[in-house]
Amino acid sequence: MPACTRCGGKPLYTRRYSGETLCAECFRDSIAEKTKRTVSKYRMFGPHDRIAVAVSGGKDSLSLLKVLCQLYLPRRNEIVAISVDEGVAGYRDEALAHARAVAENLDVEQVVVSYKDLFGFSLDDALDWKDERSVSSCSFCGVFRRRAIDDAAVRAKATVVATAHNLDDYVQTFMMNLMHGDVNRLGWLDPAYADDTFPVRRVKPFIEIYEEEVALYAFLAGVPFQSVSCPYMHEGLRSEVRDYLNMMEANHPGIKNVLLRSSLDVISRFARSSQKESVPCGGCGRPSSNGLCNVCRMKAEVEEHVNIQRNPRSVGGG
Ligand code: SF4
Ligand code: ZN
């Protein structure tokens, strides 16, 4: 491998899509620079923003917290880590411990919210009725997670939430939405999504960084890695899409970057042409397309099914 293109130091990593070879230090610097460029390009943060970083405790989100703290050092007290405890025994505890340790080390305030407190049930409780659901555990969990993050951001008095979605996550999600026929959900993929009816914007500062580069950054930055995976994770289609895109990238370096640009172009046109009226949800008052938001609809379903399982004789007059 040739020497580091920037400083002539010991080479560590070559970006096949650009031909650049980097040493460990220049690689880490390059991730911070790329993040800064993305933030600036999409005007993700303004001078008066209080930034909530959604920190699950995984390597991507902990890396994002580190990079943003480095970039916004003088405004460190305007960064807060927000974490969601879904209530998955044996899994989330380790991630939350990592999140707490990294936040403390960076001297960043941490706000933790739990499904149990917000919705009245843990994910373990809610997934009890798995067999009767039509949606996957992760789609189901994701609806509550988005609401939990929004609530945590409001509690943290944040004006913007940064999530650690990387380039691979993004193009995979774009393709999966197409494959599921979920064209209406494409608007959520706007890298600086703003919903006029809710005060907290959502931004994705890692959107232009490959997953393998975030993983390498995490390793070099000493970010702790989780030893267990969520027991409900069932990636199905996503892992097939990931494998396909990785194979394409190996054969055509840079193709994921092209796909990202195409996706963003489609989404910006789509977002402009699909501004829909929303109405307040009858359950929680948040915006909804038809008077009942997904959270309230799914919460009612959980309550119904979990009660049936806990009190089987209360159903059918038994
Ligand atoms: Fe929720 Fe799926 Fe993540 Fe588990 S893997 S916490 S079910 S989104
Ligand atoms: Zn609602």
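Scroll up for the structure.
Every value quoted in this text rests on a predicted model; they were computed, and no experiment measured them.

Rules behind the numbers
Residues numbered from 1 in each chain as written. Chains lettered and ligands numbered in written order. Predicted model: local features only at pLDDT ≥ 70, side-chain atom pairs only at ≥ 80, totals over all residues. Heavy atoms only, no water. Salt bridge = Lys/Arg side-chain N within 4 Å of Asp/Glu carboxyl O. Helix = DSSP H or I, 4+ residues; strand = E, 2+ residues; numbered from the N terminus. Axes fitted to C-alpha atoms, helices over the stretch in contact; angles between N-to-C directions. Parallel < 35°, antiparallel > 145°, perpendicular 65-115°, else oblique. Contact = heavy atoms within 4.5 Å. Left-handed = near helix turned anticlockwise from the far one by under 90°. Nonpolar A, V, L, I, M, F, W, Y, C, P; charged D, E, K, R; others polar. Near = heavy atom within 4 Å. Pairing = 2+ DSSP bridges. Right-handed = clockwise from strand over helix to strand, strands pointing away. Donors = N, O, S within 2.8 Å, 3.2 Å for Na, K, Ca; no water. Tetrahedral: all angles 85-135°; square planar, octahedral: opposite > 155°, others 65-115°. Polar contact = N/O pair within 3.5 Å; in protein donor to acceptor, adjacent residues only side chain to side chain.

**Observations regarding the pattern of salt bridges**
By the definition in use, this model includes 16 salt bridges. Of the charged contacts, one joins Asp151 and Arg286 as a salt bridge, the two residues approaching to 2.6 Å between their closest N and O atoms. Residue Asp151 is located in helix 6 (residues 137–155), and its partner Arg286 is located in the loop between strand 9 (279–280) and strand 10 (287–288); the two are separated by 135 residues in the primary sequence. In this structure, a network of salt bridges that share partners links the residues Arg6, Arg15, Glu20, Glu33 and Glu213.

**So, the packing of helix 2 (residues 59–71) against helix 3 (residues 92–106)**
Direction vectors running N to C along helix 2 and helix 3 enclose 10°, while the axes themselves pass 10 Å from each other. With respect to their mutual orientation, helix 2 and helix 3 come out roughly parallel. Between helix 2 and helix 3, the residues in contact are Leu62, Leu65, Lys66 and Cys69 and His98, Ala99, Val102, Ala103 and Leu106, respectively.

**Structural notes on the packing of helix 7 (residues 167–180) against helix 9 (residues 237–251)**
Where helix 7 meets helix 9, the closest approach of the two axes is 10 Å, and the angle between their N-to-C directions is 120°. Judged by the inter-axis angle, helix 7 sits oblique to helix 9. In this structure, the crossing between helix 7 and helix 9 has a hand that is right-handed. Counting all contacts with helix 7, which are made through Asp168, Asp169, Val171, Gln172, Thr173, Met175, Met176, Met179 and His180, the residues of helix 9 involved are Leu237, Arg238, Val241, Arg242, Tyr244, Leu245 and Asn246. Partitioning the contact of helix 7 with helix 9 into residue classes produces eight nonpolar, four polar and four charged.

**A word on the site of ligand 1**
In the vicinity of ligand 1, the contacting residues are Glu86, Leu123, Cys138, Cys141, Arg145, Cys230, Tyr232 and Met233. With three residues, the top contributor of residues to the shell around ligand 1 is helix 6. The residue makeup of the shell around ligand 1, split by class, is six nonpolar, no polar and two charged.

**Things to note about the pairing of strand 5 (residues 109–114)**
With six bridges joining them, strand 4 (residues 79–85) and strand 5 adopt parallel strand pairing. Opposite Asp85, over in strand 5, you have Ser114 as the bridge partner. A crossover connection joins strand 4 to the parallel strand 5 through helix 3; in handedness this β-α-β unit is right-handed.

**Some details on the coordination of the zinc ion (ligand 2)**
At 2.2 to 2.4 Å from the zinc ion (ligand 2) lie its protein donor atoms, namely Cys281 (SG), Cys284 (SG), Cys293 (SG) and Cys296 (SG). Around the zinc ion (ligand 2) sit four donor atoms; with metal-centred angles ranging over 105 to 113°, the donor geometry is tetrahedral. Counting gaps between the donor residues of the zinc ion (ligand 2) yields the pattern C-x2-C-x8-C-x2-C. Pair noted here: Cys281 is in the loop between strand 9 and strand 10 and Cys293 is in the loop between strand 10 and helix 11 (294–310), with a separation of twelve residues, a long-range link.

**Some points on the side chain of Lys256**
When you line up the elements, Lys256 lands in helix 10 (residues 255–273). A polar contact of 2.5 Å, which involves the side chain of Lys256, links it to the side chain of Asp168. A distance of 2.7 Å separates the side chain of Lys256 from the side chain of Asn246, its partner in a polar contact.

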